[in-house]
Amino acid sequence: MNETPGSVVNVTRSLAGDAWSDLRRNKIFWGAAVLVVVVLTMAAVPSLFTSADPASCTLGNQHKGPSGGAIFGYDFQGCDVFARTVHGTRNSIQVGILSTLLAGILGIAFGLTAGYFGGAVDAVLSRLTDIWLGVPFLLGAIVLSGRLSAGEKNDGVMAVTLTLGVLTWTSSARVMRSSVITAKSQDYVAAARMLGAGPARLMFRHILPNSIASVIVVLTLLLGANIATEATLSYLGVGLKGGALSWGLQIADAQSYARIAAAPLIWPSAFLAATVLAFIMLGDAIRDAFDPKLR
Amino acid sequence: MTDIKAQIDVLPGTDPRAPLLQVNDLHVEFRTRDGVAKAVNGASFWLNPGETLAILGESGCGKSVTASAIMGILETPPGRITKGEIRYRGVDLLKLRGAERRRVRANKIAMIFQDALSALNPVYTVGFQLAELFRVHRGMSRADAKNRAVDLLDQVRIPAARSRVDDYPHQFSGGMRQRVMIAMALALDPEVLIADEPTTALDVTVQAQIMGLLAELQRQRNMGLILITHDMGVVADVADRISVMYAGRVIEEAPVHDVYARPGHPYTRALLESIPRLDLKGQQLNVIRGLPPALTDIPQGCAFNPRCRYAKDPCRQDPPPPAYAIAPRRTARCHFFREVLGE
Amino acid sequence: MFRYVVRRLLQMILTFFGATFVVFALMFANQDDPVQALAGEKPVSDSLRAQLTERYHLDEGFLGQYWYYMQGLLTGDLGRSLTGREISTVLSEAWPVTLRLSLMAIVIAAVIAIVAGVYSGIRRGSLFDNGVLAVTLLLLAMPIVVLAPTAQLVFGMELGWFPATASRNASFYAMLLPAIVLATTVVATELRVTRTSVVENLRSDYVRTARAKGLTPRRVTWVHVLRNSLIPVITLIGVDLGTLMSGALITEEVFNIPGVGLKLAQGIRNEDGPMVVGFVSILVIIFLFVNLLVDLLYAALDPRIRYE
């Protein structure tokens, strides 16, 4: 069928405007957005949700059932599971957002440079990306995070953030590179160049704004993934540590006693899964809005 | 093997006196985001053995959709045949069930597509794709089917067929690939061949070779050929009759020479005048003003009226013009065919 | 084909040296006291210090250290762990278990992803398709640290359908729950890619040709569409190996399976630097090697690449 029936579209709508009007009608997007707002609030002001101090634990409360404010009961060390879980949100979100921002900045810088200059610059940067992808992500993270978080007083937050940022920029770099190559060949860029715009102006004023959408989608999905990885690293003992509050640490601690008390394992797991789910759904919805052909 | 062939040959209800292929009042719609697109709105034509019918029209006029409907490979949904009949030797194909309908394809009615590179499966050898027909429809062994595939490649004059049968489509040149498509269509000796813009994607010299090959194979096998094209030049060389389509309707049907000598519809006339001609070099070329109508919003009355220089009030009102018999074996859907012919 | 293989091999050699260098640099570059880093936060005796310095040639320059490290890797000499065991021995005991677990997981994931992905793609927008998409979304949102302990708790302990742990010589059945858990780390992406690729291929011209040839819908799907749709999925299985390795690490730790992952996790916990470096290096090599194999398989599936 080489002829597509349909009319000539006479109103030119912007891609972003189109995407937004799609998103506004998407129930999944709103569900994810509400969940994200709740999680962000929990991270910013945990005291809105619980008045208990996550650090005050009494061994006498070991594995006790729910009582009063401790609606999820107590864990092995007699800590309030609900309070610890709520207060654990901040570290997860902080690590997730900061590491994703770092990955985004690195990825955009690499992708923009490789895509804009092409040729030898592109070849070198692309090889470098390949090498980076040659190290299985978690293995690299184990080594790097283990090193960065060494030391008694280190709670590992900065270490994990840096590790995740430095190891996960490749996907956004690849996406950025290909959309820059597409944008570069567009007529408006050629026009701006003929009008005498220099490379910096071309890159940041004309190409970047038009290539950033696809990177944002990748980064939203990465945010969910990085939150999950922080938990994994903490679980393995190379992430957050010591007194730091982390869902991954809670899971690791509770796992040995799961047969006796399931709640300390189940609740941080549920919070972690719900948070990751929210960001993945958000990313999925945004991608569908920008790329409707595969829905 | 004989009884398989016999079973295919006898379609219940076959009428030996009926035309080889007859399309009556075919309507096809597509559901799109912008509404219902009426791709075909009452197309009718017929085809006899050994005859070449050219279906002519701009892109979007419904000619390829009509071909897909005849083959039974319309995407449903979004496509839907809302009305009409497609009769092969008197049997209405639209009433056949799945397996029977499938058996008509390739065995009785086969089709050649425009772009052979995308129409052939990139990950299988041409030999596999040809032999598949014999294995599926004739139950042949792998070895026998492959030998038949080599024969077919020979028949469409692919040099060194025996060694090329294991090559992949991308290893052939454009012209050779189109020959493979033709071989595939002719494998099971169909009686009707539909060629949808078979040479559009090819170089001019190769175009002539492919059209020559098609005409020759048609003569040998006494096939009916439906040639779908927008190229008036190709039509003049090979077609016996011509059906001109516009906005999903056949607006003129006539023997090819009559059309070229004296078109009976303003649209046909405009098409002919828009061909660049060497003897009129230096004069301004007549182009058809305006665009074909959107299929979601076809004008009332004659669909061509907004672009027509003969259009008067009756043309702008429903019902659309009927198919006037303007001469023996000729029809045109124009209220003012006398004026058009007479000029 | 030959040129493709040669090019891939050259690329792999470059990536190999690059990636091992990255791992090595992450471990040793800019350390104030590399010996202390290898031993974690434990106090280091003088004899251990001397031993580690000799083993990792810490008295040499950085590039010299890398040179000896590569030499050891390529000759299979991984040195000794802090507990004094030959690391290659530990590895050779552990890898058959991990291999079995991973192969089971890969097969489970591939079968589910391909079958469900193809049906989902064919019946796009149907109840089945939407259900499958919802399930993959949930799986994507389940980090392995959530899934493995929860699955063990629910299916291994509460319901008791499967053994809660698996030993070295575990039966197929005992290995099944860990394998399913591990498979879930990759099944969702594989399924989604299969589905998308089937949807795209169903729209292609060659499918129209196949239908015009009077083939049954089943043959069109499983012969013509499937082979084309598998090409991106095969590539993904190579990329997924990294995910699978991280998954195996957690899965083996949770289910107490004495494989490579458990040993590595123990190495991390005991702050056994030599063990971690040795294992990570070997896993990087395996990862690169499997990706090379996948690239060759990719060429076998797609003739357009084979003859370029």
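These numbers come from a predicted model, not from an experiment.

Describing the overall build of chain B
- The secondary structure content of chain B amounts to 13 helices and 12 strands.
- When each of the 343 residues of chain B is scored for burial, the buried share is 53%.
- Of the roughly 14,900 Å² that chain B leaves accessible, carbon and sulfur atoms contribute 51%.
- Taken as two groups, the 44 positive and 38 negative side-chain charges of chain B have centres that lie 2 Å from each other.

As for the domain arrangement of chain B
Residue and element names in this part refer to chain B.
- The assigned domain composition of chain B is domain 1 (19–108 + 192–343) and domain 2 (116–189).
- Measuring from the centre of the C-alpha atoms in domain 1 to the corresponding centre in domain 2 gives 30 Å.
- Taken together, the contacts link 16 residues of domain 1 with 15 residues of domain 2.
- Between domain 1 and domain 2 the total buried area reaches about 1,400 Å² when both faces are included, carbon and sulfur atoms providing 58% of it.
- For domain 1, the biggest contributors to the area lost against domain 2 are N107, L213 and R221; these three give 39% of the whole.
- Here domain 1 and domain 2 share 2 salt bridges between them.
- Taking the shortest distance from any N to any O, the salt bridge between R157 and E216 comes out at 2.5 Å.
- Per-element accounting of the side of domain 1 that touches domain 2 gives the leading share, 8 residues, to helix α9 (residues 204–221).
- Classifying every residue of the side of domain 1 that touches domain 2 by side-chain character gives 10 nonpolar, 2 polar and 4 charged.

Comments concerning the interface of chain B and chain C
- Counting from both sides, the interface comprises 27 residues of chain B and, opposite them, 24 residues of chain C.
- Buried surface at the junction of chain B and chain C, summed over both partners, amounts to about 2,300 Å²; 56% is from carbon and sulfur atoms.
- Among the residues of chain B in contact with chain C, R102, V123 and E132 of chain B are the three that bury the most area, contributing 23% of the side total.
- For the pair chain B and chain C, the interface holds 3 salt bridges.
- The salt bridge involving R211 of chain C is made with E75 of chain B; its shortest N-O contact spans 3.3 Å.
- Inspection of the region where chain B meets chain C yields 15 residue pairs in polar contact (both at pLDDT 80 or more).
- Elements supplying a minimum of two residues to the side of chain B that touches chain C: α4 (116–119), α5 (126–138) and α8 (174–186) of chain B.
- Considered class by class, the residues forming the side of chain B that touches chain C number 16 nonpolar, 7 polar and 4 charged.

Overview of unusual backbone geometry
All names here are of chain B.
- Omega for the bond connecting D318 with P319 falls within 30 degrees of zero, at -5°, which places this linkage in the cis form.
- As for its placement among the helices and strands, P319 is situated in the loop between α12 (266–273) and β11 (324–327).
- Within the chain, D25 stands out as a residue other than glycine whose phi angle is a positive 50°.
- Here D25 lies in strand β1 (residues 21–32).
- Phi is positive for E197, close to 45°, though the residue is something other than glycine.
- Within the secondary structure layout, E197 lies in the loop between β7 (192–196) and α9.
- Given the relative accessible area of 5%, E197 is considered buried.

Conventions used here
- Residues numbered from 1 in each chain as written.
- Chains lettered and ligands numbered in written order.
- Predicted model: local features only at pLDDT ≥ 70, side-chain atom pairs only at ≥ 80, totals over all residues.
- Heavy atoms only, no water.
- Helix = DSSP H or I, 4+ residues; strand = E, 2+ residues; numbered from the N terminus.
- Buried < 20%, exposed > 50% of the residue type's maximum accessible area, 1.4 Å probe, protein only.
- Areas by Shrake-Rupley, 256 points an atom, 1.4 Å probe, with all protein chains shown as cover.
- Lys, Arg positive; Asp, Glu negative; His and termini not counted.
- Charge placed at Lys NZ, Arg CZ, Asp CG, Glu CD.
- Domains from an automatic or database assignment.
- Contact = heavy atoms within 4.5 Å.
- Buried area = accessible area lost by both parts, 1.4 Å probe.
- Salt bridge = Lys/Arg side-chain N within 4 Å of Asp/Glu carboxyl O.
- Nonpolar A, V, L, I, M, F, W, Y, C, P; charged D, E, K, R; others polar.
- Polar contact = N/O pair within 3.5 Å; in protein donor to acceptor, adjacent residues only side chain to side chain.

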